[in-house]
Amino acid sequence: MKIAVYPGSFDPITLGHLNIIRRASAIFDRVNVCVMHNSEKITLFNLQERVELIERVVGRLKNVNVDTSELLLVEYAKSVGASVIIRGLRAVSDFEKEFQLATINKKMYPRVETVFLAASEKYTYLSSSVVKEMVRYGADLSDFVPREIIQDIIDKTKIGR
Ligand code: ADP
């Protein structure tokens, strides 16, 4: 059984992330989407809230699990028996950081492979930061995030004001 981990901040999950999850779920037997704790990032949603938003939108994908971890990514991968790490690549600007991460992860856990999926053309511009910026200006979020979570993002942004 090929288990893949798709790690990230997902603050919040976007249509770009969801596109990667769908495509990965068609390739691997199981995909664990893992919301990683990152003490350097101040987030809009806490870990549990991010997990809950992802669970709501991946509900119909039977081989996708949603998880959270404070472990080092490779330690998390080992703990769930995953041999693949999935990352999405949007542009050349993503490449340098991603290549460095993949190299470090391989060094720490030689049995793990990082697999890059090219962002769908429709979502190459899209990031969680763009979503957070747009919602502050009252923009329509339907081209950016799954419909089911739009109101959560609007409400959360209002609380922070
Ligand atoms: P991180 O903080 O780990 O970069 P993100 O939540 O920003 O977490 O992204 C998680 C992964 O999803 C990364 O590999 C990122 O490149 C990828 N990703 C983000 N947005 C998109 C998108 N629009 N299309 C494809 N992949 C994306």
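A short tour of the structure in this document, coming up. Remember, predicted model here, so these are calculated numbers, not experimental data.

### Observations regarding the sheet that holds strand β3 (residues 64-69)
Okay, so step 1: Taken in spatial order, the five strands of this open sheet run β3-β2-β1-β4-β5, and their pairing is parallel. Of all the strands in the sheet, just β3 and β5 (113-118) have a single pairing partner and so form its edges. The average undirected angle you get between the axes of adjacent strands in this sheet is 30°.
Okay, so step 2: The sheet contact formed by strand β4 (residues 84-89) and β5 spans six bridges and is parallel. Each residue of the ladder has a partner; that of Leu-89, found in β5, is Ala-118.
Okay, so step 3: The sheet strands contacting helix α1 (residues 15-27) are β1 (3-8), β2 (30-36), β3, β4 and β5, and the helix crosses β5 at an angle near 120°.
Okay, so step 4: Contacts from helix α2 (residues 47-58) reach β2 and β3 within the one sheet, and its direction differs from that of β3 by about 175°.

### Examining helix α5 (residues 128-136)
Three- or four-residue spacings in an α-helix give side chains the same orientation, since the helix completes a turn every 3.6 residues.
Okay, so step 1: Within the sequence span of α5, burial applies to Ser-128, Val-131, Lys-132 and Val-135. All buried residues of α5 project into a common sector of 95° when viewed along the axis, lining one side.
Okay, so step 2: Of the residues trailing α5, Gly-138 is marked for its positive phi of about 70°.

### Notes on the nonpolar core
Okay, so step 1: By size, the foremost hydrophobic cluster in this structure holds 35 residues, and its most contacted members are Ile-54, Val-58, Ile-86, Leu-141, Val-145 and Ile-153.
Okay, so step 2: Breaking this core down by element, the ones donating at least two residues are β1, α1, β2, α2, β3, β4, α5 and α6 (150-159).
Okay, so step 3: Looking at this core, the element that brings in the most residues is α2, giving six residues.
Okay, so step 4: Ignoring any residue separated from it by four or fewer positions in sequence, one finds Ile-153 in contact with Pro-12, Phe-45, Val-131, Val-135, Leu-141 and Val-145.
Okay, so step 5: In this structure, Ile-3, Leu-73, Ile-85 and Tyr-109 belong to the second largest nonpolar core, which totals 12 residues.

### So, the side chain of Ser-120
Okay, so step 1: Structurally, the position occupied by Ser-120 is in the loop between β5 and α5.
Okay, so step 2: Since its relative accessible area comes to 18%, Ser-120 is described here as buried.
Okay, so step 3: Among all residues touching Ser-120, those that are not within four sequence positions of it are Asn-19 and Arg-23.

The rules behind these values
- Residues numbered from 1 in each chain as written.
- Predicted model: local features only at pLDDT ≥ 70, side-chain atom pairs only at ≥ 80, totals over all residues.
- Heavy atoms only, no water.
- Pairing = 2+ DSSP bridges.
- Helix = DSSP H or I, 4+ residues; strand = E, 2+ residues; numbered from the N terminus.
- Axes fitted to C-alpha atoms, helices over the stretch in contact; angles between N-to-C directions.
- Contact = heavy atoms within 4.5 Å.
- Buried < 20%, exposed > 50% of the residue type's maximum accessible area, 1.4 Å probe, protein only.
- Arc of directions from axis to C-beta.
- Core = buried A, V, L, I, M, F, W, Y, C linked by side-chain atoms within 4.5 Å.

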